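Topology and contacts: notes
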Amino acid sequence: MATSFPVAPFDATFVAQRPVHHRDLQGPKTITRNRLFPALVLIATLFFSAMLASKPARADPLVVDLSNHLVAISTGFTGTDVLLFGAIENKGDVVITVRGPERDMVVRRKERKAGIWINTKSAYVRNVPTYYATAASRPIELIANDRLLASYHIGLQNQRFVTTMDGDDTDDSLYRDALLRNMEYVGLFNDKPAKISFLSNQLFRTDVHFPANTPTGTYVIDVYLIRDGRIASIKSTPLVVSKTGISADVYDFAHRYSALYGIIAVIIAAIAGWIASVLFRKN
Amino acid sequence: MQIYLPIAEMSVNVLLILGLGGGVGFVSGLFGVGGGFLITPLLIFFGIPPAVSVATAANQIVASSLSGVIVHWRRGNVDVKMGLVLLAGGLVGSSSGVGIFAWLRSLGQIDLVISLCYVVFLGTIGGMMMIEASRAIFRTRRKSGTIRRNKKHQHGFFHRLPLKVRFYRSGLYVSALLPLLVGFLVGLLTALMGVGGGFVMVPAMIYILGMPTSVVIGTSLFQIIFVSANVTILQSIQTHTVDVALALLLVSGAVVGAQFGARFGAKIKAEYLRAGLAALVLIVCIKLALDLVITPNDLFSVAPGNL
């Protein structure tokens, strides 16, 4: 679904305009030429994008990258911001969505039975993203209508969840809302779009926040360029959240050699208890 | 100061967990209980997932009860023979308890069963202890010097059981089946409720076995070490929910607290200790009972996994 800026023809155009020989890049003149190089790229880009303006919207240039494609959860991890930045050629609005790895969830409903609140009914919800956040350059209702947002599944209300209810409930929206509410409460879902700021008409940036309880796995960040209520271009970029260092080693060990892990945990606790009593005996 | 817990998969404040461990450790050393009945609800209260809280508390109890038992050991307040018999029952009980735990969880009602277990057992034991202890305090105040007749010389049903064994340290001659059964039932509760079982074990030893109060705490701690070690290992294998980092933090606070608790406890009369423990048990019981009855903020809860 992601269409991208066509790089190959762009390069071809550039080479045709200004053939550069490798020999020219050597020697004293190189410095001037290297400085000239970005400027030439920019001019060529602007020239090319002017040509593109008459073409269908799907080829609208959109370049996106992250300050970091790996969020490393180390021992001191308390949450982090990842900078997303990018450029567009023609004025437009940018909307991004960040989706964490999916997993199945159970939503349980409590009812009062004999004075006690008991889990009575539940719904099984498949493929729930473990993290979801959006960002937009303007209030999202000004950028696109509900139909467009729905068809591209942008925003929490447009997530399609498959629910299976085991009680006699017929309306799954209660469970759906409860799921969104609970995930928002723990900070993993964010219904309010963050602000995407434009540094000029072309350059934009935003910070994507990952809280301390961020689930590990592969995240997908989709960037939509929207103009006149239509999607002009889409870019998709992955982001990996993974444990590193001691905490990753401990986690792996606990799952791979669980019996040994348990025994070691007991030994560590026993040693700690013994050390303490020895220390306190001398005092 | 924050630290990321590898198994709980969240970051916590180091000082908060150290303080929590220290406070519970003090109580544990003072009353001779593992402190699990306090630490598990407290961890859940601070946002640690219940499964991790239950399993990690067992790990922490190993350390605090070991450090506690050393103090009692030096004073000769451990009946090793009785402890081993209780332990034999406890290991069987806790192992089958972990199985029952898994079965209840598949029914989706484990939280309710845990809470109800807590309320029923804490309420019953706390109430009984409170009545007994306040009577004892009242009596010693009224007629100082008059010692209450010891119940261990009364012969009831329990004393007609076979396999009689002499427990010299406790000054008892009872059937080994009795401590085996007590150990089994307490072990069962240990796994079901994620606690060391001291708050059940200590009164059971006093009121059912008729052991002298002086050896009860040391002996209870002695067998709790091994039962909670068993639970830690079983939970590591079955649920992968023992968080060593969290346990180490709790232990660091708890072992220090337990030392102070044990020293402080040695200066206080036994009946005052029992009254204090009873009050604490009742407070936790009331808190859990209220949680069952009061309308929760959100009637829906979300958990990963299958139905």
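Residue numbers restart at each chain and count upward from 1, following the sequence in its written direction. Key to labels: chains lettered from A, ligands numbered from 1, both in the order written. Local features are withheld for residues below a pLDDT of 70 in this predicted model, meaning they are given only at 70 or higher, and side-chain atom pairs are given and counted only at 80 or more; totals for whole chains, interfaces and linings count all residues.

1. Topic: the overall build of chain B
Strands are runs of DSSP state E lasting at least 2 residues, helices are runs of H or I lasting at least 4, and numbering of each runs from the N terminus. Scanning chain B from terminus to terminus reveals 10 helices and five strands. Throughout, the radius of gyration refers to the C-alpha atoms, and the reference size of a globule is 2.2 Å times the residue count to the power 0.38. Radius of gyration (C-alpha) of chain B: 19 Å, near the 19 Å computed for a compact globule of 307 residues. Along the three orthogonal principal directions, the C-alpha set of chain B runs to about 55 × 40 × 40 Å. We call two residues in contact if the C-beta atoms placed from their backbones are at most 7 Å apart. Looking at chain B alone, contacts between residues at least 24 apart form 81% of all its contacts between residues at least 6 apart.

2. Examining unusual backbone geometry
Of note, the phi angle at Ala-114 of chain A is positive, near 55°, even though the residue is not glycine. Take Ala-114 of chain A: it is sitting in the loop between strand 5 (102-113) and strand 6 (116-129). One non-glycine residue with positive phi stands out, namely His-240 of chain B, at about 55°. Note on placement: His-240 of chain B falls in the loop between helix 8 (213-238) and helix 9 (244-266). In this scheme the burial state of a residue depends on its C-beta neighbours within 10 Å: 20 or more other such atoms mean buried, 12 or fewer mean exposed, and anything in between means partly exposed; the C-beta positions come from the backbone. With 18 C-beta atoms packed within 10 Å, His-240 of chain B lands in the partly exposed category.

3. Some words on the UniProt feature "transmembrane region" (unreviewed entry) in chain B
All names here are of chain B. UniProt positions are given in the numbering used here, feature names are shortened, and annotations may be inferred rather than shown by experiment. Here, the residues flagged by UniProt with the feature "transmembrane region" (unreviewed entry) are residues 12-45, 51-71, 83-104, 110-131, 170-192, 204-229, 241-260 and 272-290. Helix makes up 100% of residues 110-131 and strand makes up 0%, while its end C-alpha atoms are separated by 31 Å. For the annotated span residues 170-192, helix accounts for 70% and strand for 17% of the residues, and the straight-line distance between the end C-alpha atoms is 29 Å.

4. Brief notes about the domain arrangement of chain A
Residues and elements named next belong to chain A. Domain parsing of chain A yields domain 1 (1-55), domain 2 (57-243) and domain 3 (244-283). Where each domain starts and ends comes from a domain assignment, either automatic or drawn from a database. With centres defined by C-alpha atoms, the gap from domain 2 to domain 3 works out at 38 Å. Counting residues at the interface gives six residues for domain 2, matched by six residues for domain 3. Going through the elements one at a time, strand 2 (70-73) and strand 13 (230-243) are the ones with two or more residues in the side of domain 2 that touches domain 3. The residue classification treats Ala, Val, Leu, Ile, Met, Phe, Trp, Tyr, Cys and Pro as nonpolar and Asp, Glu, Lys and Arg as charged. All others, Gly included, are polar. Across the side of domain 2 that touches domain 3, the residue classes tally to two nonpolar, three polar and one charged.

5. Structural notes on the environment of Pro-129 of chain A
Residue and element names in this part refer to chain A. Residue placement: Pro-129 occurs in strand 6. Along the sequence, Pro-129 and Arg-103 sit 26 residues apart, while their C-alpha atoms lie 6.4 Å from each other. Dropping the residues within four chain positions of it, Pro-129 is found in contact with Arg-99, Gly-100 and Glu-102.

6. Some points on helix 9 of chain B
Multiplying 1.5 Å by the helix residue count minus one yields the expected span of that helix. In this model helix 9 of chain B runs 31 Å from its N-terminal to its C-terminal C-alpha over 23 residues, within 8% of the 33 Å that 1.5 Å per residue would give. For helix 9 of chain B, the buried fraction is high: 19 of the 23 residues fall into the buried class.

7. Focus on the sheet that holds strand 6 of chain A
At least two bridges found by DSSP between two strands is the condition for calling them paired. Taken in spatial order, the four strands of this open sheet run 8(A)-6(A)-5(A)-5(B), and their pairing is antiparallel. Both outer strands of the open sheet, strand 8 (162-165) of chain A together with strand 5 (300-304) of chain B, are each paired with one neighbouring strand and no more. Geometrically, the sheet is characterised by an average inter-axis angle of 25° between neighbouring strands, direction not taken into account. To obtain each axis, a line is fitted to C-alpha atoms, and for helices this fit is confined to the stretch in contact; angles are then taken between N-to-C directions over 0 to 180 degrees. Lying on the sheet, helix 5 (residues 173-185) of chain A is in contact with strand 5, strand 6 and strand 8 of chain A together with strand 5 of chain B; it crosses strand 5 of chain B at an angle near 75°.

8. A look at the interface of chain B and chain A
Across the contact, 49 residues belong to chain B and 51 residues belong to chain A. If you list the elements that add at least two residues to the side of chain B that touches chain A, you get strand 1 (2-5), strand 2 (10-13), helix 3 (50-74), helix 8, helix 9, helix 10 (270-293) and strand 5 of chain B. Residue composition of the side of chain B that touches chain A, by class: 31 nonpolar, 16 polar and two charged. Looking at chain direction, strand 5 of chain A and strand 5 of chain B are connected through five bridges and run antiparallel. Within strand 5 of chain B, the residue paired with Val-106 of chain A across the bridge is Ala-303 of chain B.

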